[in-house]
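# Coordinate inspection notes
For reference, the chains in residue letters:
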Amino acid sequence: LQYNRFEPDDIVDTRTDVYGGLVGYSYTPSERLQVSGSVGLSYNVTRSDIRDDDSLGYRLKFDLNYLISEQTRLVVSLSHDSEPSGDGRQVTRNRARAAFNYRLDELTTLGLDTNYTDNEDYFGLQNSTNSSSQSLSRFFSVRPSVTFQLTEDLSLVAQYQFRHKIFQSEGGSATSNAEFLLLQYD
């Protein structure tokens, strides 16, 4: 079960209460494979000085963690949920992630992390004015990385990130590149 309240900083005093729940199942057929999935509903109640709005939506989550070999791991996750946007509205978000890690030796690991996000409600259950249909967008990112284990608890991560966003409603796009050098303590 879940309850969230969002109060964005806006001039019309918007408040959104989100009530939701998920029912799921986790399956571990071997030490190397873990799979879990869940489904549920989300009920959004938005109140403001100019408009009141309610919407009902569905939630989905799927996760897979597979140790392919002693050196190689694959992680896949999919989700569909209602989330707050940067402008304070609740929007539908579909997310997909695939991460691949390969341990070269005891001290070095190569990684590739890919992400996809959109805000399209494919089944049309979000029928409110707060739904994502007002400004459709798609977002892709790819992050290759190299991790050097300095000590048992400390690692140095060099990472490159390419991101591309397509604004379907406005017909434009944006691309960004970034490099990161991270000191990570576990």
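Residues numbered from 1 in each chain as written. Predicted model: local features only at pLDDT ≥ 70, side-chain atom pairs only at ≥ 80, totals over all residues. Heavy atoms only, no water.

## Brief notes about the overall build of the protein
Quick reminder of the rule: By definition, any uninterrupted DSSP run of H or I lasting at least four residues is a helix, any uninterrupted run of E lasting at least two residues is a strand, and each is numbered from the N terminus. For each residue, the accessible area found with a 1.4 Å probe, counting protein chains only, is set against the maximum for its type, and the residue is called buried under 20%, exposed over 50%, and partly exposed in between. Working rule for contacts: check all heavy atoms of both residues, and any pair within 4.5 Å makes them a contact. Areas reported as accessible are Shrake-Rupley estimates using a 1.4 Å probe. Residue values count occlusion only from the protein chains shown. The charge count includes Lys and Arg as positive and Asp and Glu as negative, but it does not include His or the ends of the chains. Think of each charge as sitting on NZ of Lys, CZ of Arg, CG of Asp or CD of Glu.
Across its full length, the protein carries 0 helices and 10 strands. Secondary structure elements in the protein, listed N-terminal to C-terminal, are β-β-β-β-β-β-β-β-β-β. Once the C-alpha set of the protein is aligned to its principal axes, its extents read approximately 60 × 40 × 30 Å. For the protein, with 186 residues in total, the buried portion stands at 32%. Partitioning the contacts of the protein with sequence separation of at least 6, the portion at a separation of at least 24 is 44%. In the structure as shown, the protein presents an accessible area of about 11,500 Å², 56% of it carried by carbon and sulfur atoms. Charge separation in the protein, taken as the distance between the mean sites of 17 positive and 26 negative side-chain charges, equals 3 Å.

## Focus: the confidence of the model for the protein
Stated formally: Each residue carries a pLDDT score, the predictor's confidence in it, ranging from 0 to 100.
Within the protein, residue pLDDT values average 89, and 92% of them lie at 70 or more. Counted against residues more than four places away or in other chains, residues 127-133, with its pLDDT under 50, gives 22 contacts.

## Side note on the environment of glutamine 168
Its place among the elements puts glutamine 168 in the loop between strand E9 (154-167) and strand E10 (172-185). Overall, glutamine 168 belongs to the partly exposed group, its relative accessible area being 37%. It is 7.5 Å that separates the C-alpha atoms of glutamine 168 and arginine 138, two residues lying 30 residues apart in sequence. In this view, glutamine 168 contacts Glu120, Leu136, Ser137 and Arg138; residues no more than four positions away in its chain are not counted.

## A short note on the packing of aromatic side chains
To keep it simple, the criterion reads: Only centres within 6.5 Å qualify two rings of Phe, Tyr or Trp (six-membered ring in Trp) as a pair; their planes then separate them into stacked at under 30 degrees, edge-to-face at over 60, and tilted for everything else.
Applying the stated criterion to the full structure yields 3 aromatic pairs. Measuring from centroid to centroid gives 6.5 Å for tyrosine 25 and tyrosine 27, while their planes differ by 20 degrees, and the two rings are stacked. Its relative accessible area of 45% is what places tyrosine 27 among the partly exposed residues. Consider the rings of tyrosine 116 and phenylalanine 140, whose centres lie 5.2 Å apart with planes at 50 degrees: the pair is tilted. Taken together, the residues tyrosine 116 in strand E7 (residues 108-118) and phenylalanine 140 in strand E8 (residues 137-149) connect sequence positions 24 residues apart.

## Some details on a nonpolar patch on the surface
The condition that has to hold: Residues forming no salt bridge and having over 30% relative accessible area are the ones grouped into patches, like charges within 9 Å of each other and nonpolar side chains (Val, Leu, Ile, Met, Phe, Trp, Tyr) within 5 Å. By convention in these notes, a salt bridge is any Lys or Arg side-chain nitrogen within 4 Å of a carboxyl oxygen on Asp or Glu.
Taken together, the side chains of Tyr66, Ile68, Phe100, Tyr102, Leu104, Leu110, Leu112, Val142, Tyr160 and Phe162 define a hydrophobic patch exposed on the protein surface, amounting to about 800 Å² of accessible area. At the level of elements, strand E6 (90-103), E7 and E9 are the ones that each hand at least two residues to the nonpolar patch. Secondary-structure assignment places phenylalanine 100 in strand E6.

## Some remarks on the side chain of threonine 109
As for its placement among the helices and strands, threonine 109 is situated in strand E7. For threonine 109, a relative accessible area of 17% translates into the label buried.

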